[in-house]
Amino acid sequence: MTGMRIFLLALLLALPVWAGPELDQANALLKEGRFPEAVTAAQKAVAVEPGSAKAQLALARAAEGNGDLDLAGKSYGAAFQLASTDLEVSLAMADFLARAGDVETAVEVYTAAGRNAPTSLEPARRMARALDALYLMGLKGLAHERVIAAYQAVVSRPESNDADAYGLASCLLEVPASPEKAAEVIQKGQERWPDSALLRLAQAQLALQRGQLKAARESFERALAQGLPESEANLAREMIQRLKEQKS
């Protein structure tokens, strides 16, 4: 055997086994919401390549979707241990921790992800939204000011978008004493994104809080006509119907 052939053989043996087919199947099943089958496929991918963070991540997501939070937690942890600086892996780990109510650890992981990917706004954005969701769920010990500060950190970045501004405005509107601050955020947001349906929705919510029912209904209708995401569109329709019933 020549030296070159020995070198090539050694190189091939050193390469990790590719978990591609099994991993591709697991991810395809995940997209279809077929979680039990995705778990099986992801477990095969992990068996082929235990050191693959992507395979562990697929198993974590499949297990969580299947309701096996113990396996999900272990798999998210394994993926994070293998690739703690990978943005997708670290955000998935932080999101899982937030859903589990482990706020402080989640914040640590979000913050580390932001340091590892300083040009990405996603860690700060996901942290703000996670904290807001936990606050609305009534998580004990989570101050509303902390949620506001997280959103403000996002909106202050030049790469922020109208959804970020809407998140901050909605967060401010959660406190009845903060309508003026919310109005300022909405106004500045509309200057940056004049055609934003989400900010029109925030304007409707502000008018409603101020008792301006006619203006609220008009803004809800305009936001709906401009095109809202499904959950926000459902909210607008519900509020329009309630305002119609109240008027009658």
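Just so it is clear, the structure is predicted and the values come from calculations on it, not from any experiment. (Residues numbered from 1 in each chain as written. Predicted model: local features only at pLDDT ≥ 70, side-chain atom pairs only at ≥ 80, totals over all residues. Heavy atoms only, no water.)

1. Quick look at the overall build of the protein chain
Counted only if it meets this: Counting from the N terminus, the helices are DSSP H or I runs at least four residues long and the strands are E runs at least two residues long. C-alpha atoms define the radius of gyration, and 2.2 Å times the number of residues to the power 0.38 defines the globule rule. The buried label goes to any residue with under 20% of its type's maximum accessible area, the exposed label to any with over 50%, and the partly exposed label to all in between, with areas taken from a 1.4 Å probe on protein chains only. Whether two residues are in contact is decided by their heavy atoms: any pair within 4.5 Å suffices. Computed by Shrake-Rupley with a 1.4 Å probe, the accessible areas treat only the displayed protein chains as cover when residues are assessed. Only four residue types enter the tally: Lys and Arg on the positive side, Asp and Glu on the negative side; His and the chain ends are excluded. Where a charge lies is defined by one atom per residue type: Lys uses NZ, Arg uses CZ, Asp uses CG and Glu uses CD.
What the protein chain contains, in helices and strands, is 14 helices and 0 strands. In the protein chain, the order of α-helices and β-strands from amino to carboxyl end is α-α-α-α-α-α-α-α-α-α-α-α-α-α. Taking 248 residues into account, the globule formula puts the C-alpha radius of gyration at 18 Å, and the protein chain, at 23 Å, lies well above it. Looking at the 248 residues of the protein chain, the share that counts as buried comes to 42%. In the protein chain, the proportion of contacts linking residues at least 24 apart, taken out of those at least 6 apart, comes to 51%. As displayed, the protein chain has an accessible area near 13700 Å², and 55% of this comes from carbon and sulfur atoms. Counting 27 positive and 31 negative side-chain charges, the protein chain places the averaged centre of each group 3 Å from the other.

2. Remarks on helix H13 (residues 213-226)
The α-helix winds at 3.6 residues per turn, so residues separated by three or four positions along the chain end up facing the same way. Our working rule: By definition here, a helix of n residues has an expected span of 1.5 Å times n minus one.
With 14 residues, H13 should cover 20 Å at 1.5 Å per step; its first-to-last C-alpha distance of 20 Å lies within 8% of that length. In this fold, the buried residues of H13 make contact with helix H12 (197-209) and helix H14 (230-247). Immediately downstream of H13, the backbone of Gly227 shows phi near 105°, a positive value.

3. Quick notes on the environment of Gly73
On the secondary structure map, Gly73 appears in helix H5 (residues 69-82). Judged by its relative accessible area of 23%, Gly73 is partly exposed. Along the sequence, Gly73 and Met93 sit 20 residues apart, while their C-alpha atoms lie 8.6 Å from each other.

4. A look at the confidence of the model for the protein chain
Operational definition: Confidence per residue, as judged by the predictor, is encoded in pLDDT with a range of 0 to 100.
With 92% of its residues at a pLDDT of 70 or more, the protein chain shows a mean pLDDT of 90. Confidence drops under pLDDT 50 across residues 11-18; counting only partners more than four residues distant or on other chains, this segment forms 5 contacts.

5. Observations regarding the side chain of Glu232
Put simply, the rule is: Note on definitions: salt bridges are taken to be side-chain nitrogens of Lys or Arg within 4 Å of carboxyl oxygens of Asp or Glu.
Counting through the fold element by element, Glu232 comes out in helix H14. Within the buried set, Glu232 has no salt-bridge partner at all; the shortest N-O distance to an opposite charge, 8.7 Å, is to Arg129. Sequence-distant contacts of Glu232, that is, excluding residues within four places in its chain, are made with Tyr166, Leu198 and Leu201.

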